[in-house]
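Chain by chain, the residues run as shown.
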Amino acid sequence: MRSTSSISIWLATALLMLGGLAVVPDADAQRARGGGGGHAAAGGHAQARSSARTSVNRPATQNRSAGANAGSRNVNRSNTNVSNRNTNVNRNQNINVNRDVNVNVDVDDHNHWNDWDDHPFATAAAVTAGVAVTSAVIGSIVNSVPPSCVTTVVNGIAYQQCGSTWYQPQYAGTTVQYVVVNPP
Amino acid sequence: MKRHRARGLRLLTALLLVLPLSLTAADQAAKKKKAAPAATASATAVDPDAIAALDRMGQALHKLQQFQLVSDASTDVVLDSGQKIEVDGQVTYRVQRPNRMFVEVKSDRRLRQLFYDGNTLTVYSPRLKYYASVDNVGQSLGELAIAARDSYGIEFPLADLFFWGTEHVSKDAIKSAIYVGPGTLDGEAIDQYAFRQDGADWQLWLSKATALPQKLVITTLDDPAMPEYSARLRWNTSATADAKTFTFTPPDDAKRIEIVPIGVAVVETGEGK
């Protein structure tokens, strides 16, 4: 009896999680808020909270949570992103599997090799499809852009232009992320 | 006289009263002693032979002037739900001491190449066609691994390979070291060791012939789901490479972008708080 109910709870959780993954509007809403990525976990998205360490020696370690904010440096272009940064500070145990505006790509023990930026979780592709539709907040960051975006070089700097939204790609660790910028 | 006897009696009574108590205490202490060793021995025992094996491996690694290493590894990623997802990947290292290195990291989810020619570190995504380069990132490969991590958030896979056998390793971190026993990996004779330190349990399979690590498993203890990293290492110590291997030449369609330094972000975080 007990095990049956716990199994069904597990199932329900799994279903909720899957549902959460498929719910695009939710993610879009977060994106529209500009930096609500930190809330994604509460919605049951399949966000990673940690991963296995790949080395045991950590000589001259400095505060690794700094990495979580590395990507946020350029984010500091609007008030929205200040809060975004704070979100990251509190959640620096997470990789952003969901590839929202959140920037927690760099994590305590993480190697970043296994983030999903080139070929993310299949469901995440649906999430990103909404990027161009939503008016992106300047300074917010996504880990991928829609395939319809065009690579454009202006004054030697590479951009991804997606309609009226311009992204400037940058590396945070080995993760490529895209900062929403004003049209050059 | 009478008074003396009374005092003696009182003393005796006092002793009688105290004795059973102290006996019980001693008894309990003895019992504790019996129970304790089993628990603490496994947690604190550091077998000097296991530490010596680490030293041998460190020396063997340090002696390699050049090598190619292919590592098949699986990494557990823990979702917020606690569910573990395993991500498989392959890392290829080409190394020429003291300071040249090429790394390719390939998984179903990601492909990256890193070049270090002794001066410039370049990270390149062949799929996304973006690359970023930075200069002055350490004199040795160990320094490179530390600087890349601390300054740019680039974590080299199997970074331990560049730390073992150098001053960058602190053996004090090891709380337990045991020799598991001999064995074979794909026909090669090995010795297996297991270590414990804060936040991680790890195991090494060292070649009896070369003392080079053939397998590494790290169990991360910080997360209750205890994600595991497991890497099989295949060495080619006679492989040679020319300078081109370590110098990045951007393909025509590759675009240079910036890499965000971590140091600056640290300052901003302080202000943000």
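Residues numbered from 1 in each chain as written. Chains lettered and ligands numbered in written order. Predicted model: local features only at pLDDT ≥ 70, side-chain atom pairs only at ≥ 80, totals over all residues. Heavy atoms only, no water.

1. Section: the nonpolar core
All names here are of chain B.
Thought 1: Counting 69 residues, the largest nonpolar core has Tyr-93, Met-101, Leu-121, Phe-156, Trp-164 and Trp-202 as its most contacted members.
Thought 2: Element by element, the count of residues in this core is highest for helix α2 (residues 48-63), at seven residues.
Thought 3: Ranked by size, the runner-up nonpolar core spans eight residues in total, among them Phe-115, Tyr-124, Phe-248 and Ala-254. (Core = buried A, V, L, I, M, F, W, Y, C linked by side-chain atoms within 4.5 Å. Buried < 20%, exposed > 50% of the residue type's maximum accessible area, 1.4 Å probe, protein only. Helix = DSSP H or I, 4+ residues; strand = E, 2+ residues; numbered from the N terminus.)

2. A look at the state of the cysteines
Residues and elements named next belong to chain A.
Thought 1: Applying the stated rule across the entire model yields one disulfide over all chains.
Thought 2: Here Cys-149 pairs with Cys-162 through a disulfide, and the sulfurs are 1.8 Å apart. In this structure, the disulfide formed by Cys-149 and Cys-162 twists by about 110° around the S-S bond and is classed as right-handed. One end of the pair, Cys-149, is in the loop between β2 (141-142) and β3 (150-154); the other, Cys-162, is in strand β4 (residues 157-162), with 13 residues separating them in the sequence. Grouping residues by exposure puts Cys-149 and Cys-162 together as buried. (Disulfide = S-S within 2.5 Å.)

3. A word on the pattern of salt bridges
All names here are of chain B.
Thought 1: Inspection of the entire model under this criterion finds nine salt bridges over all chains.
Thought 2: The salt bridge partner of Asp-150 is Arg-149, with a shortest N-O separation of 2.9 Å.
Thought 3: According to the relative accessible area criterion, Asp-150 is buried, its value standing at 9%.
Thought 4: On the basis of relative accessible area, Arg-149 is assigned to the buried category, the value being 5%.
Thought 5: Here Asp-201 and Arg-196 are joined by a salt bridge, their closest N and O atoms 2.9 Å apart. (Salt bridge = Lys/Arg side-chain N within 4 Å of Asp/Glu carboxyl O.)

4. Quick notes on helix α3 (residues 141-152) of chain B
Thought 1: Compared with an ideal rise of 1.5 Å per residue, which puts 12 residues at 16 Å, α3(B) spans 15 Å between its outermost C-alpha atoms and is within 8% of the ideal.
Thought 2: Positive phi shows up at Gly153(B), right after α3(B), with a value of about 70°. (Expected span 1.5 Å × (residues − 1).)

5. Re the packing of aromatic side chains
For any pair of aromatic rings, the description consists of the separation of the ring centres together with the inter-plane angle of the planes.
All names here are of chain B.
Thought 1: Summed over the entire model, instances satisfying the criterion amount to 11 aromatic pairs over all chains.
Thought 2: Aromatic pair Tyr-124 and Phe-248: ring centres 4.9 Å apart, planes at 45°, arrangement tilted. Here the residue Tyr-124 occupies a position in strand β5 (residues 120-125), and Phe-248 occupies one in the loop between β11 (228-236) and β12 (255-256), the gap between them amounting to 124 residues. When sorted by exposure, Tyr-124 lands in the same class as Phe-248, which is buried.
Thought 3: The structure contains a cluster of three or more aromatic residues connected by ring pairs, namely Phe-102, Phe-115, Tyr-124, Tyr-131 and Phe-248.
Thought 4: Just above the ring of Trp-205 sits the side chain of Lys-215; from NZ or CZ to the centre is 4.4 Å. (Phe/Tyr/Trp six-rings, centres within 6.5 Å; stacked < 30°, edge-to-face > 60°. Lys NZ or Arg CZ within 6 Å of the ring centre and 35° of its normal.)

6. Examining the confidence of the model for chain B
In regions of low pLDDT, the predicted coordinates are not meant to be interpreted in detail.
Residue and element names in this part refer to chain B.
Thought 1: With 80% of its residues at a pLDDT of at least 70, chain B reaches an overall mean of 84.
Thought 2: Here residues 11-27 is a poorly scored stretch, pLDDT under 50, and it has one contact once near neighbours within four places are set aside; other chains count.
Thought 3: Scored by ipTM, the complex comes to 0.73, with pTM at 0.65. (pLDDT = per-residue confidence, 0-100. Contact = heavy atoms within 4.5 Å.)

7. Some thoughts on a negative patch on the surface
Residue and element names in this part refer to chain B.
Thought 1: Together, Glu-86, Asp-88, Asp-108 and Glu-228 make up a region of like negative charge exposed at the surface.
Thought 2: For Glu-228, the position within the fold is in strand β11.
Thought 3: The class for Glu-228 is partly exposed, based on a relative accessible area of 35%. (Patch = residues over 30% accessible without salt bridge, like charges linked within 9 Å, V, L, I, M, F, W, Y side chains within 5 Å. Areas by Shrake-Rupley, 256 points an atom, 1.4 Å probe, with all protein chains shown as cover. Lys, Arg positive; Asp, Glu negative; His and termini not counted. Charge placed at Lys NZ, Arg CZ, Asp CG, Glu CD.)

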